[in-house]
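Notes for the structure review
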Amino acid sequence: MSESANFDFIYDPIKEKMRETISHISYITYIEKLKPVDVDGRYIVLETPNENFAQYITGTLAEKMREAIIKADVGVSDFRLVVEGSGEYAYNAPAEENYAPPSNLDKKYTFDSFVVGKNNEFVYAAARNVAEDPAGTYNPLFIYGGTGLGKTHLMQAIANKIVAEKPNLKVIYVTCEQFVNEIIDTMFTGRGPDARDRGNKLRQHYRSADVLIIDDIQFIANKKAVQEEFFHTFNELVSKGKQIVISSDQPPKELTALEERLKTRFSGGLVFDILPPNFETKIAILKRKAFEKKCIVPDEVLTFLAQDSGDDVRTLEGRLTKVIFASKLHEVPITVSLAASALNEAVSEDGKEEITPDSIINAVCSYYRVTKGDLVGKCKKKELVQPRQICCYLMCELLSLPLMAIGKALGNRNHTTILYSRNKVEDLCQVNDRLAKDIDDIKNIVLKK
């Protein structure tokens, strides 16, 4: 190993950060005794006087030291320990877990299935560039826009393309809600070595990513501990030349509840917005969705559906889905007249009772003999998860509501969760006849047939 003096210019700024994050007694007793003896890639190698020092640092100070190293921003992001006189590492960074491609991606979200228009052609080109050349020109890539305009589609299209074409890269796609919950769980599920180990494994999971994609980053607002964790994860990945993709409903400068240092880093890459689609793009989207549903819809019906549909692409798709459902239910061709009737706020056949989120929830609760409180609650027992997902599916099928509104009706769930549940039930119905029959029975209850 090289002489320690050669590495003081790296270690001195790190020591200053350690002084801020580590107690005075621990700093004087342990940190002051460490010597920088080597730099090995992203690691600075520190020499300890004896094995006892190494054990205490490993068990008590390692995470705070790692945070200080990242904050110092000197080109290294972790450390290793070696006992004086020994050639073996007494402490090494946590080993990376075996990587498996993300299982929370919807395979239908591809670049080919994304409808490009004047409102999104630039962000589409940027997203495609990131998928073809991760950590190249656009890093970080920050995509913002209103609900239902295609942010999640593009985010997952990036992930799907990289997973398919660059299987050697570790891709993590996560909603901000999931990221926040995971961080909070490690903070409040016990203390001691096991809790620290869980925290370290979670940090290592995210900080070992080659491509980190986080959807709806605005949900990190007002959560200072989570922002702190994400800040260090962001810094480490960027310092290692890894790709970060983030989406939000607002541009970085308008995320007022976020720390300034995070907004600055978000703005340091490429920021693109997705605008609402124009009329022609809406028609193109409807044609694409009809094709995916293997249904022929006349042009005049597509024109009717695109009119007064608002800016939300999900609402647009919901209108189409409802018309297709009405055509199958009544076994009649799709016409403008049928579409107008189907979109009349979903009245049942006798025209007396409106279909609402509550009427669907009540029908599912009655069918599966569960309470509404349990259905819309946080419990993840198997006997509640599937009815909850079926509720998502039926609301998407029978109501012209944005996914955010459906999520609110089902216990303030994220729109990504609603979309995942809908797609899962839709896929299961293709292979599970019993489930398909259950759903038909529940539809009949809702429609009072």
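Before any of the text, the structure's been laid out above.
This structure is a prediction, so every number in the text was calculated from the model and none was measured.

**A few points about the packing of helix α10 (residues 279-292) against helix α11 (residues 299-306)**
For any two helices packed against each other, the geometry is given by the interaxial angle and the distance between the axes. Where α10 meets α11, the closest approach of the two axes is 9 Å, and the angle between their N-to-C directions is 125°. Judged on the interaxial angle alone, α11 and α10 are oblique. Once α10 is placed against α11, the crossing between them reads as right-handed. Of α11, the residues touching α10 (which contributes Phe279, Lys282, Ile283, Leu286 and Lys287) are Asp299, Leu302, Thr303, Leu305 and Ala306. Class assignment for the residues of the contact of α10 with α11 results in 6 nonpolar, 1 polar and 3 charged.

**What to know about the environment of Ser366**
Its place among the elements puts Ser366 in helix α14 (residues 357-368). On the basis of relative accessible area, Ser366 is assigned to the exposed category, the value being 54%. The sequence separation of Ser366 and Ile445 amounts to 79 residues, and the corresponding C-alpha distance is 9.6 Å.

**Examining empty space enclosed by the protein**
Left-over empty space is what a probe sized like a water molecule reveals as it rolls over the atoms. Within the structure shown, the criterion is met by 3 cavities of 30 Å³ or more. Considered as a void within the structure, the largest cavity measures approximately 130 Å³ in volume. Along the wall of the largest cavity there are 14 residues; nearest its centre are Arg314, Gly318, Thr321, Cys396 and Arg422. Elements with a contribution of two residues or more to the lining of the largest cavity: α12 (313-330), α16 (382-398), α17 (403-409) and α18 (415-431). Top element by residues in the lining of the largest cavity is α12. It accounts for 4 residues. Class assignment for the residues of the lining of the largest cavity results in 6 nonpolar, 2 polar and 6 charged. Considered as a void within the structure, the second largest cavity measures approximately 80 Å³ in volume. If you trace the second largest cavity, you find 10 residues lining it, with Arg66, Asn200, Arg203, Gln204 and Arg207 closest to the centre. Of all elements in the fold, only α3 (51-72) and α7 (193-207) reach the threshold of two or more residues within the lining of the second largest cavity. Per-element accounting of the lining of the second largest cavity gives the leading share, 4 residues, to α7.

**Details of the sheet that holds strand β5 (residues 141-145)**
Spatially, the 5 strands line up as an open sheet ordered β6-β7-β8-β5-β9, and their pairing is parallel. Bordering the open sheet on either side are β6 (171-175) and β9 (270-274), each of which pairs with just one other strand. Averaged over neighbouring strand pairs, the angle between their axes works out to 15° when direction is ignored. Pairing of β5 with β9, which is carried by 5 bridges, proceeds in the parallel orientation. When the bridges of β9 are listed, Gly145 appears paired with Ile274. The sheet strands contacting helix α5 (residues 151-165) are β5, β6, β7 (211-215), β8 (243-248) and β9, and the helix crosses β7 at an angle near 160°.

Conventions adopted
- Residues numbered from 1 in each chain as written.
- Predicted model: local features only at pLDDT ≥ 70, side-chain atom pairs only at ≥ 80, totals over all residues.
- Heavy atoms only, no water.
- Axes fitted to C-alpha atoms, helices over the stretch in contact; angles between N-to-C directions.
- Helix = DSSP H or I, 4+ residues; strand = E, 2+ residues; numbered from the N terminus.
- Parallel < 35°, antiparallel > 145°, perpendicular 65-115°, else oblique.
- Left-handed = near helix turned anticlockwise from the far one by under 90°.
- Contact = heavy atoms within 4.5 Å.
- Nonpolar A, V, L, I, M, F, W, Y, C, P; charged D, E, K, R; others polar.
- Buried < 20%, exposed > 50% of the residue type's maximum accessible area, 1.4 Å probe, protein only.
- 1 Å grid on protein atoms, 1.4 Å probe; cavity = no way out; pocket = protein on both sides within 12 Å on 5 of 7 lines; lining within 4 Å.
- Points joined across faces, edges and corners; volume = space filled by probe spheres on them.
- Pairing = 2+ DSSP bridges.

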